[in-house]
Amino acid sequence: MNMSNYILNLNFEQIKAILYNFPEIVYITDPDTYEIIFMNKNFVDLVGEDATGKKCYKAFQALEEPCSFCTNEALFKSSDNIYKWEHHNKLLDKHFFITDQLIKWPDGRKVRFEIATDITEKKKQELDLLNKNNEYYALNEEYLALNEELKSNNEELFKINRQLEFKNKELDETFALIKLTKEKFQEILDNSIDCLWQLDRRLHFIYISPSIQNILGYHVDEMLSKPLWKFVIRAEFIKMARQALRTIMNPKQYPKTIFESSMTHKDGHEVPVEIVGKAMYSKTGKLVGVQGSTRDITERKIIEEKLKAHNEELERIVKERTIELQNKNEELKDFTYTVSHDLKAPLRAISGYAAALQEDYSETFDETGNVYLKAILQNTNKTQDLVNELLKLSRLNTKEIKKQEVDLNTIFEEQIANYSKIYKDKKVQWNFNKNLPPIYADRTLIEQVTGNLLDNALKYSSKQMVPEITIGWYEKNKDPVFFVKDNGVGFNMKYKDKLFALFERLHQQSEFPGMGAGLSIVKKIIDKHLGNIWAESKEGEGAVFYFMIPNLNSN
Amino acid sequence: MNLIFYDLILIEDNPDDAKLAVRELQKNNLVSNCLHLKDGEEAIRFFKTNIMDVSESEKQLPKLILLDLKMPKIDGLEVLKELKTHEKTRKIPIVIFSSSNEAKDIKNAYENGADSYIMKPVEFNEFKNVIKEIGLKWLHNG
């Protein structure tokens, strides 16, 4: 017997009893009147009352008219008269899965048979799940974004990592170098002749390099944490060191001080030292001590003493020599004067007697004798000229110059007029504008200068068809520079230093007569005026002699 | 002591200058009797013994004294002073013949009565000419 047949065979009361205790919610309403026909126990427990006979919308929804979502219509329309739906009851705040079915009631009416399963818990779980899902989704989004970021960060990190690796390598090398440097430095410190040291604020040694043993005889350990004053003993040097320390420790003063002092050797003798000191500050700027170096300058002191003595000796010798030289110079001046002066008379006598011989006895001599006599006379004359020039020069040495305003125009004019008289057979082209500025000089001496220069110019251009002599001036460094230019034979510039030397000649005497003293006299005069003289020339192209005497107002 | 007449008294410490000067004068017939005194001391002694301390007529005085300045012992200037301050000698013409061209010497000579100051030329030819000129001016008769 199948289930349907079994149910058909049950009577209505039996069915009602089964339904009443059915574990789900079961109730029956009249779809036309909305009257509740049956409620099972589960439903009564849930609602809190048996609402049989009441309107369903009133009892279950607390509404005054049928629910807007009533499924009756849909139930009638459905082909199998079954309608399944979910519903949330606001009064009970519960979710239900509902199956409605139109069935034939024993009284013949078609009623609505409804079975509801409480799915609140399930719904809640579902909702939770949904929320969780959303949450997860959001997290996922976030995760993805983070992932992207991480990815790029990762790349960055990779780069940084590589850089770091590189830096690390560099650092390793640097550390190695530092270590090496430190070792080297230590080696230098240990082996340096100078002693390096650090003192704390109480002036106790906190570091001292081993070379101190060579200087003061103490081992490093004998000095470390000992006060400075154990090694600087003599009052004068203590005072000196205090003074230096004050300077070093005063931040307003120079940051570094170098001074010479003395320290006491272990065996008691004083060691001259040169000290370089500098204050030490902490990072916060607090004075923490002094550091510096100490050098043994014993050798230097000895050398300095020797040098000093040597210098004094030298100075003394120089002074002596200078006086000697001055005396010699005076003697020489006197000598030049005396010799040249004293030679005059005998020379005159020689030439006088020679002339007398020539006049009175020339017939007694044969031809050769007369040639010799002539030679004696010529040489005597030449010697006389030399003596005269020497005398002029030696007089210049002793002559005091008397400066006054001198008009070179009149001097040149007079001298040109004189020369024109002397050389009246020779046509000379004079170029002279008479526009020379005045100078401040000794007139007599300047006349010798201009005279000698004109003399030279005329002499060396005398072989030209028309000797041309130009006198002019130009300004150089605010001083006038005068010049005398000729179109004569000129000279080779490589001999220019010989021009002004005494008795130096650049031409054969037979070609151009003269003693070679004129330009030395000119130079001497210009020198006496603190001026300058020089010349420019080319062989065969004439010569220019320039002279400059410091300006009028420079006295 | 018989005083011989000298037309020129040459006071000159350089015997060569003296000899050459006298030669030149004699060659030109400008001097007949010339005395050469070798320094100031000798000169003073001569004038004292022969003129100053003797009462002789002025006729015996020389026509000219040619006096050098720079001489040993007593120099020319002192001789000049002596002769030009003494009554019996002050009228004798004295020509200073010196190699010095210093202004001080020239001034001193004229201030002490020198009749002329002539520089002794270095060169013999000039020397010769100057001597001749002196002779012509001071010794020439008429």
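Residues numbered from 1 in each chain as written. Chains lettered and ligands numbered in written order. Predicted model: local features only at pLDDT ≥ 70, side-chain atom pairs only at ≥ 80, totals over all residues. Heavy atoms only, no water.

Q: Outline the nonpolar core, listing residues and values.
A: Residue and element names in this part refer to chain A. Ranked by size, the top nonpolar core spans 38 residues in total, and within it Ile446, Leu453 and Phe545 carry the most contacts. Sort the elements by how many residues they give to this core and helix H13 (residues 443-460) lands first, with seven residues. Every residue in contact with Leu453, bar those within four places of it in the chain, is listed here: Val484, Leu519, Val522, Ile533, Phe545 and Phe547. In terms of nonpolar packing, the next biggest core, distinct from the first, is built from 28 residues, Ile212, Phe231, Phe237 and Ala279 among them. (Core = buried A, V, L, I, M, F, W, Y, C linked by side-chain atoms within 4.5 Å. Buried < 20%, exposed > 50% of the residue type's maximum accessible area, 1.4 Å probe, protein only. Helix = DSSP H or I, 4+ residues; strand = E, 2+ residues; numbered from the N terminus. Contact = heavy atoms within 4.5 Å.)

Q: Describe the pattern of salt bridges, and please don't skip the residues or the numbers.
A: All names here are of chain A. By the definition in use, this model includes 40 salt bridges over all chains. Here Asp45 ties to Lys41 by a salt bridge, and the two come within 3.1 Å at their closest N and O atoms. Placement of both Asp45 and Lys41 in helix H3 (residues 41-47) is noted, with a separation of four residues, approximately one turn of the helix. Put simply, Asp100 and Arg112 hold a salt bridge, and the shortest N to O gap is 3.1 Å. Highlighted residues: Asp100 in strand E4 (residues 94-104) and Arg112 in strand E5 (residues 110-118), separated in sequence by twelve residues. Residues Asp100 and Arg112 agree in their burial class; the two are buried. Within the structure, one salt-bridge network assembled from shared partners comprises Glu260, Glu274, Arg300, Lys301 and Glu304. (Salt bridge = Lys/Arg side-chain N within 4 Å of Asp/Glu carboxyl O.)

Q: I'd like a rundown of the interface of chain B and chain A, residues and numbers included.
A: Each side of the interface is counted separately: chain B has 16 residues, and chain A has 16 residues. By the criterion of area lost to chain A, the three top residues of chain B are B:Arg23, B:Val122 and B:Phe124, representing 40% of everything that side buries. A:Asp360 is the salt-bridge partner of B:Lys27, the closest N and O atoms lying 3.1 Å from each other. Connecting chain B to chain A are nine residue pairs in polar contact (both at pLDDT 80 or more). Elements represented by at least two residues in the side of chain B that touches chain A include exactly helix H1 (15-27) and helix H5 (124-139) of chain B. The element that contributes the greatest number of residues to the side of chain B that touches chain A is H1(B), accounting for six residues. (Buried area = accessible area lost by both parts, 1.4 Å probe. Polar contact = N/O pair within 3.5 Å; in protein donor to acceptor, adjacent residues only side chain to side chain.)

Q: Got a sec to walk through the pairing of strand E3 (residues 64-67) of chain B? Specific residues and values, please.
A: All names here are of chain B. Here E3 shows no split at all, with Leu64 and Leu66 on one side and Ile65 and Leu67 on the other all buried. Pairing analysis gives three bridges linking E3 to strand E4 (residues 94-98), with the strands arranged parallel. Residue Leu66 lies in a different strand from E4, and its bridge partner there is Val95. (Pairing = 2+ DSSP bridges.)

Q: Requested: an account of a nonpolar patch on the surface, with residues and values cited.
A: Taken together, the side chains of A:Leu332, A:Phe335, A:Val339 and A:Leu343 present a nonpolar region at the surface, about 350 Å² in accessible area. With respect to the helices, strands and loops of the structure, A:Leu343 is situated in helix H10 (residues 298-361). (Patch = residues over 30% accessible without salt bridge, like charges linked within 9 Å, V, L, I, M, F, W, Y side chains within 5 Å. Areas by Shrake-Rupley, 256 points an atom, 1.4 Å probe, with all protein chains shown as cover.)

Q: Any chance you could break down unusual backbone geometry for me, citing the residues and the numbers?
A: Look at A:Asn477: it is not a glycine, yet its phi comes out positive at around 50°. Here A:Asn477 shows up in the loop between strand E14 (468-476) and strand E15 (479-486). For A:Asn477, a relative accessible area of 69% gives the class exposed. For B:Lys73, which is not a glycine, the phi torsion comes out positive at approximately 60°. Secondary-structure assignment places B:Lys73 in the loop between E3 and helix H3 (76-85).

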